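Listed here are the chains, written in short residue letters.
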Amino acid sequence: MADARDTMVLDAEREMSKAKDKEDRLLRLQRIAKALNSELHLDRLLAIIVDHVIELAGAERAFLVLGKAGEEPSVRVARNFEREEVAAPEEAFSRNIVEQVLRSGQPILAANAVEDPRFQEFLSINAIRARSVLAIPLVVRGTAIGAVYVDNRLQKGAFTAVELQTLSSLADHAAIAIENSRLYEENERRARELEVLN
């Protein structure tokens, strides 16, 4: 009888811990969404997004890539967990995975990308020796405008369904903030052109 009670208490404590973790993630997402919506300059916004992505996912590195399916995607920000720029970012991530995410509009999660049969033909995976990979599309009005790509080259299984769900929520906020920033900067450019004409 005591063992059953102890098990029930442990189960209740585990469930409370999970609920607390989920509440903490939601509060962090709320604070991040507020920060994203308050930044109107695209370059600063992209850096803020990447820093939060690394923090939320516990990633070694993160890349924010902009471009639509059929276009050449461009790395706009690439940083590591110490907020240092990634050297040669265009060659430091799997372009094939990002292109697949842009085409499909669906995220990709790999616990061990080097051994994952889905990526055996992707030379970039073997070149960068990526273990854990998570790529999430940035979608605005049904169209992928870019992707967030995170990896860990040392640890297998670094990302789970929890990080997938959390980063997907962040990506939804980020895509809207990016679009708003682009519109703001376009309006600023037009206002300057009008000033010159007048």
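The preceding data block contains the structure.
One structure accompanies this document, and this report is about it. (Residues numbered from 1 in each chain as written. Predicted model: local features only at pLDDT ≥ 70, side-chain atom pairs only at ≥ 80, totals over all residues. Heavy atoms only, no water.)

### Quick look at the side chain of Arg131
Summarising the element assignment, Arg131 is placed in the loop between α4 (123-128) and β4 (132-140). For the buried Arg131, no salt bridge is present, and the opposite-charge side chain at shortest range is Glu115, 5.7 Å distant. If we ignore the near neighbours within four places in the chain, the residues touching Arg131 are Ala110, Ala111, Asn112, Ala113, Val114, Asn152, Arg153, Leu154, Gln155 and Lys156. (Helix = DSSP H or I, 4+ residues; strand = E, 2+ residues; numbered from the N terminus. Buried < 20%, exposed > 50% of the residue type's maximum accessible area, 1.4 Å probe, protein only. Lys, Arg positive; Asp, Glu negative; His and termini not counted. Salt bridge = Lys/Arg side-chain N within 4 Å of Asp/Glu carboxyl O. Contact = heavy atoms within 4.5 Å.)

### Quick notes on the environment of Gly142
With respect to the helices, strands and loops of the structure, Gly142 is situated in the loop between β4 and β5 (143-152). It is 24 Å that separates the C-alpha atoms of Gly142 and Ser38, two residues lying 104 residues apart in sequence.

### What to know about the pattern of salt bridges
Tallying each qualifying case throughout the model produces 16 salt bridges. For Glu39, the salt bridge identified is with Arg44, shortest N-O distance 3.2 Å. The partner of Asp116 in a salt bridge is Arg118, with the nearest N and O atoms 2.7 Å apart. One network of salt bridges, with partners in common, ties together Asp51, Arg79, Arg83 and Glu85.

### So, the packing of helix α2 (residues 42-57) against helix α5 (residues 161-197)
Between α2 and α5, whose axes approach to 10 Å, the crossing angle comes to 175 degrees. The pairing of α2 with α5 is recorded here as roughly antiparallel in orientation. Residues Leu42, Leu45, Leu46, Ile49, His52, Val53, Leu56 and Ala57 of α2 form the contact with α5, whose participating residues are Glu163, Thr166, Leu167, Leu170, Ala174, Ala177, Ile178, Ser181, Arg182 and Glu185. Here the contact of α2 with α5 is built from residues that sort into twelve nonpolar, three polar and three charged. (Axes fitted to C-alpha atoms, helices over the stretch in contact; angles between N-to-C directions. Parallel < 35°, antiparallel > 145°, perpendicular 65-115°, else oblique. Nonpolar A, V, L, I, M, F, W, Y, C, P; charged D, E, K, R; others polar.)

### Quick notes on the sheet that holds β4
Overall, antiparallel pairing links the five strands, which are arranged β2-β1-β5-β4-β3 in an open sheet. Both edges of this open sheet fall to β2 (74-80) and β3 (108-110), since each of them pairs with a single strand only. Put simply, the sheet's adjacent strands are angled 15 degrees from each other on average, direction ignored. When β3 meets β4, the two strands line up antiparallel, connected through three bridges. The residue of β4 that forms the bridge with Ala110 is Val133. (Pairing = 2+ DSSP bridges.)

### Thoughts on the nonpolar core
Ile49, Leu138, Val150, Leu167 and Ile178 are the most contacted members of the largest nonpolar core, which has 33 residues in total. Residue assignment for this core shows that the elements contributing at least two residues are α1 (2-37), α2, β1 (61-66), β4, β5 and α5. For this core, the element with the highest residue contribution is α2, accounting for nine residues. (Core = buried A, V, L, I, M, F, W, Y, C linked by side-chain atoms within 4.5 Å.)

### Some remarks on unusual backbone geometry
Positive phi, normally seen in glycine, also occurs at Arg129, with a value near 55 degrees. Topologically, Arg129 is positioned in the loop between α4 and β4.

### Notes on the pairing of β5
Every other side chain in a regular strand lies on the same face of the sheet, so the side chains alternate between the two faces. With respect to burial, β5 is a largely interior element, nine of its ten residues being buried. When β1 meets β5, the two strands line up antiparallel, connected through six bridges. If you follow Arg61 over to β5, its bridge partner there is Asp151. Note: β4 against β5, nine bridges, orientation antiparallel. For Val140, the partnering residue across the bridge sits in β5 and is Thr143. Where β4 folds back on β5, the antiparallel hairpin that results is connected by two residues, among which Arg141 adopts a positive phi of roughly 50 degrees.

Everything listed here is a matter of coordinates, which is why it stays silent on function.
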